[in-house]
Amino acid sequence: DESLGVVRHTRIERGLPTTRMMPDVKRKRVLVTGGAGFVGSHLVDRLMLMGHDVIVLDSFLTGNKSSLSQWVGHPSFELLRHDVVEPLLIEVDQIFHLACPASPRHYQANQIKTIKTCFQGTLNMLGLAKRTKARFLLASTSEVYGDPAVTPQPETYAGNVSCTGPRACYDEGKRVAETLTYGYLYQDGVDVRVARIFNTYGPRMHPQDGRVVSNFVLQALRGEPLTLYGDGSQTRSFCFVHDLIDGLIALMNADVHSPVNLGSHFEFSVKQLAELVRDVVARVREEDGDEGRQRLKVIYEALPTHDPRQRRPDTRRAAALLGWAPRWGLQQGLEEMVRYYKERMREGTI
Ligand code: NAD
Ligand code: UDP
Ligand code: UDP
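Because the structure is a prediction, the values reported are computed rather than measured.

Visitor: Just checking my understanding: could you explain the site of ligand 3 for this structure?
Guide: Among the 14 residues in the neighbourhood of ligand 3, the closest are listed as Arg211, Val212, Asn215, Thr227 and Tyr229. Elements represented by at least two residues in the shell around ligand 3 include exactly α6 (212–221) and β8 (226–229). Of the residues forming the shell around ligand 3, the biggest block, 3 residues, is contributed by β8. Looking at the shell around ligand 3 residue by residue, the class counts come to 6 nonpolar, 5 polar and 3 charged.

Structural data, given as structure tokens:
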């Protein structure tokens, strides 16, 4: 069963993972680049629990070793400190290529390194896939659609992207990574998959990465005002990380070369998200016997340049080809995240 489970998640968070015995014919050597990051570490958990041999490659630019500490010493787990822009010679059956900073704050901190990671890093992993005949999955992004003129965005939409603005290093980087991926499919027959991931949130998001869900949850837990950029009317669709992992694994195992959107089709304005976070934080605090409901305090800050006005995936392709649809509601997912950050604040680790 490759589906998600709250129980499984809880077991991981308690640090007591039990992996499954998988017959040798089904067990794969799976490389996860960026496996110490937010999405990568959840993917590694799932692959390990399924019984695969997992190799993580990470430079620890934005990722954290502690997200993987539950696997250190496990005979099926290997962790390589390596920058994906350098060539890598190993033998693998599948590559999930996630290495790349994902939050605007992180990817803009060193724009040239971001483009280099997207281009040279993806080239290296495709070269590795070609040599080893491994199946290759690119973690692409909804940012390939830029500030979209159509909504929801289907995979056929060509996008509205600036090649010079502050988001360009990431948006154009991912677009060229997709181009490279299809180049290796058409020219060398590499067996590729492209996941266009929409805003995803959940436990283990970097607390300082500046993304909206982590910012709001931490601000609300600390009793600080929530920072709304612009008037808060811009929209996003938020997918819980366990749903995304289901989609990534389903895509890897399906016979689908075309790009596939993975994300939630429920669209919220940033202001609605702020209200929801306030409510969820208040409920968790009440349940835990902390002081009750707080007034929602917000401060308005400038809207970043080229911040997309709207974003919502057309997920019909994922439903038709993968039988995939997200199952976690935003309130439910936020509650998991609030509990996670609350616990980490209590431990003093954030
Ligand atoms: P993250 O920043 O938490 O993880 C990225 C990981 O890649 C980190 O562990 C980082 O140390 C590593 N990394 C970065 N550059 C590297 C390099 N040159 N060599 C080796 N390792 C490197 O981000 P995330 O949210 O987990 O995103 C993972 C992937 O999913 C990214 O490719 C991102 O573009 C994509 N994605 C994520 C989202 C989202 O909402 N989280 C949305 C769209 C796409
Ligand atoms: N590459 C790698 N590991 C491998 C095979 C290739 O890192 O196992 C890198 C290689 O260094 C090159 C890139 O992947 O920079 C593209 O490889 P490919 O064989 O497609 O092209 P070429 O080496 O002929 O330029
Ligand atoms: N945002 C906000 N307050 C914050 C962080 C982000 O209002 O503290 C807004 C941001 O301007 C954008 C949306 O929330 O409109 C999502 O931002 P995020 O950085 O999470 O992701 P992305 O812009 O890449 O979708």
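Visitor: I'm lost on the site of ligand 2 in this one. Help?
Guide: Neighbouring residues of ligand 2: Pro87, Leu88, Leu89, Leu123, Asn124, Gly127, Leu128, Lys130 and Arg131. Taken together, the residues that form the shell around ligand 2 break down as 5 nonpolar, 2 polar and 2 charged.

Visitor: For this particular structure, what's the right way to read the sheet that holds strand β5 (residues 135–141)?
Guide: Sheet strands pair via backbone hydrogen bonds, and the direction of the pair is either parallel or antiparallel. In space, the 7 strands of this open sheet follow the order β3-β2-β1-β4-β5-β6-β11, with parallel pairing throughout. The outermost strands of the open sheet, each flanked by one partner alone, are β3 (77–81) and β11 (259–262). Neighbour-to-neighbour, the strand axes of this sheet turn through a mean angle of 20 degrees, independent of strand direction. Across 5 bridges, the pairing between strand β2 (residues 53–58) and β3 is parallel.

Visitor: In this structure, what is going on with the environment of Ala318? I would like to understand it.
Guide: Mapped onto the secondary structure, Ala318 falls in helix α9 (residues 316–322). Each C-alpha atom of the pair Ala318 and Phe198 lies 13 Å from the other, and the pair is 120 residues apart in sequence. Every residue in contact with Ala318, bar those within four places of it in the chain, is listed here: Gly247, Val260, Asn261, Leu262 and Trp324.

Visitor: What exactly am I supposed to notice about unusual backbone geometry here?
Guide: Residues other than glycine predominantly adopt negative phi, and peptide bonds predominantly adopt the trans conformation. Pro152 follows Thr151 through a cis peptide bond whose omega is -10 degrees. The backbone of Lys133 shows a phi angle near 60 degrees, a positive value even though the residue is not glycine. Mapping Lys133 onto the fold places it in the loop between α4 (111–132) and β5.

What counts as what
- Residues numbered from 1 in each chain as written.
- Chains lettered and ligands numbered in written order.
- Predicted model: local features only at pLDDT ≥ 70, side-chain atom pairs only at ≥ 80, totals over all residues.
- Near = placed C-beta within 6 Å.
- Helix = DSSP H or I, 4+ residues; strand = E, 2+ residues; numbered from the N terminus.
- Nonpolar A, V, L, I, M, F, W, Y, C, P; charged D, E, K, R; others polar.
- Pairing = 2+ DSSP bridges.
- Axes fitted to C-alpha atoms, helices over the stretch in contact; angles between N-to-C directions.
- Contact = placed C-beta atoms within 7 Å.

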